[in-house]
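Here is how the chains run, residue by residue.
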Protein chains: 2
Amino acid sequence: MREPPVTGGRSPDLRDYETSNCPVAGAMDILGEKWTLLVLRDLFAGVRRFDEMQARLGAPRALLSKRLRRLEDAGIVQRVAYREPGARARHEYRLTDKGKDLNTILVALKEWGDRWVNAPGRAPTDLVDRETGAPVRLALVRGGDGREVTARDLRMVPGPGAIPKRQA
Amino acid sequence: MREPPVTGGRSPDLRDYETSNCPVAGAMDILGEKWTLLVLRDLFAGVRRFDEMQARLGAPRALLSKRLRRLEDAGIVQRVAYREPGARARHEYRLTDKGKDLNTILVALKEWGDRWVNAPGRAPTDLVDRETGAPVRLALVRGGDGREVTARDLRMVPGPGAIPKRQA
DNA sequence: ACCCCAAATTCATATTTTGAACTCAGCATA
DNA sequence: TATGCTGAGTTCAAAATATGAATTTGGGGT
């Protein structure tokens, strides 16, 4: 009756566990509001000032303000004071380590968008190795030997934090 | 005046290009509505029926219905007819290739959530290699030799589809 | 003919988002 | 001392979305 999941083997069935501590849900709780991931895209692209971000996004100023505050509260961005010569002190937004660690999420979105949304071979940006200039991409790798595996080799199993449902 | 982006080198500045064809924006346009990525999480976990999904998510039925239709229209899920013995024909939702390719996005969200949202070392699921059982993770790899690189080695440069802004 | 079930749809109420206008603080200029 | 400018917001009314409960739909089984 229960058919195997896309990412999974025969058993155990992931559906027999609680979703309350799901890390995807936890991440989406912070990142899932409208504009938030695009704000982060801009931060990764080096945009740090409110007005520049607002102009690029076209988001309502009130929303942008709200989102930046939420990201600050979550420890993803940090307000940093700066002063341009002959202007008063202001502040800009910078990614914290927790924020920079969102990198793979943005890269994954970019790669999927490049493959399925835009015209093929017309990506507006490329990711390259800083030293060699060789293209860089996201891949699933096996711990230990660091060998690449395909999505079909992947299996999801209950981890140390899995919470079984009563009455499966 | 322009400070270097987090992911980038000295120049060219990515902010001098249009954002209209941004693949992240394109992806978020489809995936960015409330519940959508959690629906996909469930589909990856093997949930295929409307009611089971609704019960797990706690989302309003109307929304879930709307989201599934949108994912179907986008070619990410497919309605497939099935019949359980002694019941009438129904249909279930399955990921298409385009949908399965969202895998890395979900894995990236999972990994970030595991690192920053949940209690350390208490991930509810582990990703393992189907054959060896070895842990699998997402990594940035260099094309050609397939060597892993760090986020600090990464640089974003304008690609073939980059559209310069007038009057930079 | 009547009941059950999965898969929705409807509808009234809440919450969010939008866009334009307004505020605020401090430097510059007169 | 007043006036203006600029970046970074806040306010507010209208529009769009989300919520949750109740209802509908289309078969099949008894």
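Shown above is the structure to which this text applies.
For every chain, the first residue of the written sequence is number 1, and numbering continues from 1 onward in sequence order. Chain labels run from A onward and ligand labels from 1 onward, assigned in the order the entries are written. For a predicted model such as this one, the threshold for reporting local features is a pLDDT of at least 70, and the threshold for listing and counting side-chain atom pairs is 80 or more; totals across whole chains, interfaces and linings nevertheless cover every residue. The side-chain numbers reported here are obtained from all heavy atoms of the structure, hydrogens and water having been left aside.

Participant: I keep staring at the overall build of chain A and nothing clicks. Help me out?
Facilitator: Counting secondary structure elements, chain A contains six helices and six strands. For chain A, the α and β elements follow one another from N to C terminus as α-α-α-α-β-β-α-α-β-β-β-β. Taken over the C-alpha trace, chain A has a radius of gyration of 20 Å; the compact-globule value for 168 residues is 15 Å, which it surpasses by more than 25%. Looking at chain A as a whole, 49% of its 168 residues are labelled buried. Long-range pairs, those at least 24 residues apart, make up 48% of the contacts in chain A between residues at least 6 apart in sequence. A total accessible area of about 8,500 Å² is found for chain A, and carbon and sulfur atoms account for 49% of it. Helix and strand assignments follow DSSP, with helices taken as H or I runs no shorter than four residues and strands as E runs no shorter than two, numbered in order from the N terminus. The atom set for the radius of gyration is the C-alpha atoms, and the globule formula is 2.2 Å times the number of residues raised to the power 0.38. Only protein chains enter the area calculation, which uses a 1.4 Å probe; residues under 20% of their type maximum are buried, those over 50% are exposed, and those in between are partly exposed. Residue contacts follow a heavy-atom distance rule, with two residues in contact if any of their heavy atoms lie within 4.5 Å. Surface accessibility in these figures is a Shrake-Rupley result with a 1.4 Å probe; residues are shielded only by whichever protein chains are displayed.

Participant: Whenever I open this one, the protein's contact with DNA strand C confuses me. Can you help?
Facilitator: Residues are classed as near a molecule or strand on a simple rule: at least one heavy atom within 4 Å of it. Residues in contact with DNA strand C amount to 23 residues; listed here are only the nearest, A:Lys34, A:Trp35, B:Ser65, B:Arg79 and B:Tyr93. Here a phosphate oxygen of DNA strand C sits 2.7 Å away from a polar atom, N or O, in the side chain of B:Arg79. Among the elements of the structure, α4 (61–73) of chain A together with α3 (50–57), α4 (61–73), β1 (77–82) and β2 (90–95) of chain B are those that each provide at least two residues to the surface near DNA strand C. Contacts described as polar in this section are N or O atom pairs within 3.5 Å, which, within protein, must combine one atom able to donate a hydrogen with one able to accept it, while residues neighboring in sequence count only if both atoms come from side chains.

Participant: I tried to follow unusual backbone geometry on my own but got confused; where do I start?
Facilitator: Excluding glycine, a negative phi dihedral is what most residues carry, and trans is how most peptide bonds are arranged. Backbone geometry at A:Trp35 places phi at a positive 80°, although glycine is not the residue there. Tracing the sequence through the fold places A:Trp35 in the loop between α1 (23–31) and α2 (36–44).

Participant: Please clarify how the sheet that holds strand β4 (residues 136–142) of chain A should be interpreted in this entry.
Facilitator: Whenever strands of a sheet pair, they do so through backbone hydrogen bonds, lying parallel or antiparallel. For two strands to be treated as a pair, DSSP must find no fewer than two bridges joining them. On the basis of which strands lie adjacent, the open sheet formed by four strands has the order β5(A)-β4(A)-β4(B)-β5(B) and antiparallel pairing. What marks the edges here is a single partner per strand, and that holds for β5 (148–149) of chain A together with β5 (148–149) of chain B. Pairing analysis gives seven bridges linking β4(A) to strand β4 (residues 136–142) of chain B, with the strands arranged antiparallel. Across the sheet, residue A:Leu138 finds its bridge partner in β4(B), namely B:Leu140. Under this scheme, a helix contributes an axis fitted over its contacting stretch, all axes are lines through C-alpha atoms, and angles between N-to-C directions fall in the 0 to 180 degree range. Along the sheet, helix α6 (residues 103–116) of chain A makes contact with β4 of chain A together with β4 of chain B, crossing β4(A) at roughly 115°.

Participant: What is the right way to look at the pattern of salt bridges in this model?
Facilitator: Side chains that carry opposite charge are capable of pairing whenever their charged atoms lie near each other. Between Lys or Arg on one side and Asp or Glu on the other, a salt bridge is scored when a side-chain nitrogen of the former is within 4 Å of a carboxyl oxygen of the latter. Throughout the structure, instances matching the rule amount to 32 salt bridges over all chains. A:Arg142 is the salt-bridge partner of A:Asp145, the closest N and O atoms lying 2.9 Å from each other. Overall, A:Asp145 belongs to the partly exposed group, its relative accessible area being 43%. For the salt bridge of B:Glu92 with B:Arg94, the shortest nitrogen-to-oxygen distance reads 2.8 Å. Relative accessible area serves as the criterion here: at 2%, B:Glu92 is assigned to the buried category. Taking the relative accessible area as the measure of exposure, B:Arg94 reaches 28% and is therefore partly exposed. Here the salt bridges do not stand alone but share partners, grouping A:Arg49, A:Glu84, A:Glu92 and A:Arg94 into one network.

Participant: Even after reading the chapter, I still don't get the interface of chain A and chain B, so can you show me in this structure?
Facilitator: Accessible area lost when the parts come together is the quantity often used to give the size of an interface. Across the boundary between the two partners, chain A contributes 96 residues, which contact 96 residues of chain B. We define buried area as the total accessible area lost by two parts upon association, computed with a 1.4 Å probe and summed across both. Summing both partners gives a buried area of about 8,600 Å² for chain A against chain B, and 60% of it is carried by carbon and sulfur. On inspection of chain A and its partner chain B, the count reaches six salt bridges. A salt bridge links B:Arg142 to A:Asp129; the nearest nitrogen and oxygen atoms lie 3.6 Å apart. Linking chain A with chain B are 33 residue pairs in polar contact (both at pLDDT 80 or more), by the criterion used here. At 13 residues, α6(A) tops the list of elements feeding residues into the side of chain A that touches chain B.

Participant: Quick question: what am I supposed to make of the side chain of A:Thr125 here?
Facilitator: For A:Thr125, the position within the fold is in strand β3 (residues 125–129). In this structure A:Thr125 comes out as buried when scored by relative accessible area, which is 13%. The contacts of A:Thr125, once residues within four sequence positions are left out, are A:Lys110, A:Asp114, B:Leu14, B:Met156, B:Val157, B:Pro158 and B:Gly159.

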